[in-house]
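# Chain and residue survey
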Amino acid sequence: AVLAARRDQREDAMRFATAAKTRAPARPQAYAVVAELARRRGDREAARQELLRGLEQAGPDAGLEVELAALHKETGDAAGARRLLQQVLARHPHHGDAFSHLAALALLERDVDLASDLVDRALALEPPSLAVLRPAMELALQAEPEGLPRAARLRALCRRVLAQAPDDGWASVLEGAALAQAGERDQAL
């Protein structure tokens, strides 16, 4: 069903997803596929209903909740999106999609407090997660005021990324910029 949906074979995707829901009604992915197909044809209400049905059948599911949050954001319900994404991150702090969506919401709303909180969460996360650290770098860069505190936080984020992915070019560039801003030009080179 997922592959058919990605290939835009909507009828096949719907048939496969419906069959999957019949065989295993508690599998959340089939509901996500049907919701995605509804969103593609512009039927947000059908997508919402399908996601809610999936949550009812499967119970709490991070993927369905993130999709529902994205739908809330699309329809102008930023508060509902924020609530859902924060619930997902409370249960699954390493969930990169939930973190990225919440970071995007912080940027969209120019919510410096939320942005700062998310960067703090990323820095405190054990074990570190690239799926969270990378969007946290971008969030710190865009949302925090320029200065030594931001440079120190960016450097810490970059170090954590580079510890897991030593060839990450973006983290290397940002770390160099943070070092230069902190006056450590020799290390920045």
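Residues numbered from 1 in each chain as written. Predicted model: local features only at pLDDT ≥ 70, side-chain atom pairs only at ≥ 80, totals over all residues. Heavy atoms only, no water.

### Looking at the overall build of the protein chain
Each helix and strand counted, the protein chain has 12 helices and zero strands in total. Starting at the N terminus, the α and β elements of the protein chain follow one another as α-α-α-α-α-α-α-α-α-α-α-α. In the protein chain, buried positions account for 41% of the 189 residues. Long-range contacts, defined here as pairs at least 24 residues apart, represent 54% of the contacts in the protein chain between residues at least 6 apart. For the protein chain, the exposed area adds up to about 10000 Å²; of that, 53% sits on carbon and sulfur atoms. (Helix = DSSP H or I, 4+ residues; strand = E, 2+ residues; numbered from the N terminus. Buried < 20%, exposed > 50% of the residue type's maximum accessible area, 1.4 Å probe, protein only. Contact = heavy atoms within 4.5 Å. Areas by Shrake-Rupley, 256 points an atom, 1.4 Å probe, with all protein chains shown as cover.)

### Description of the pattern of salt bridges
The tally for this structure, following the rule as stated, stands at 15 salt bridges. The closest approach of N and O atoms between Arg48 and Glu45, which form a salt bridge, is 2.9 Å. A residue pair is termed a helical-turn pair when its members lie 3 or 4 positions apart in one helix, as Arg48 and Glu45 do in helix H4 (residues 44-58) at three residues. Owing to a relative accessible area of 30%, Arg48 belongs among the partly exposed residues under this scheme. Judged by its relative accessible area of 41%, Glu45 is partly exposed. In this structure, the salt-bridge partner of Arg53 is Glu50, at a minimum N-O distance of 2.7 Å. Pair noted here: Arg53 and Glu50 are both in helix H4, with a separation of three residues, about one helical turn. Assessed through its relative accessible area of 39%, Arg53 is described here as partly exposed. Judged by its relative accessible area of 4%, Glu50 falls in the buried class. Each of Arg39, Arg44, Glu67 and Glu74 takes part in salt bridges that share partners, so that together they form one network. (Salt bridge = Lys/Arg side-chain N within 4 Å of Asp/Glu carboxyl O.)

### A closer look at the nonpolar core
With 46 residues, the main nonpolar core has Phe99, Leu102, Leu118, Ala122, Met137, Leu139 and Leu157 as its most contacted residues. Of all the elements, helix H9 (residues 130-143) adds the most residues to this core, at seven residues. The residues touching Met137, leaving out its near neighbours within four places in the chain, are Leu154, Leu157, Cys158, Val161, Trp170, Ala171 and Leu174. (Core = buried A, V, L, I, M, F, W, Y, C linked by side-chain atoms within 4.5 Å.)

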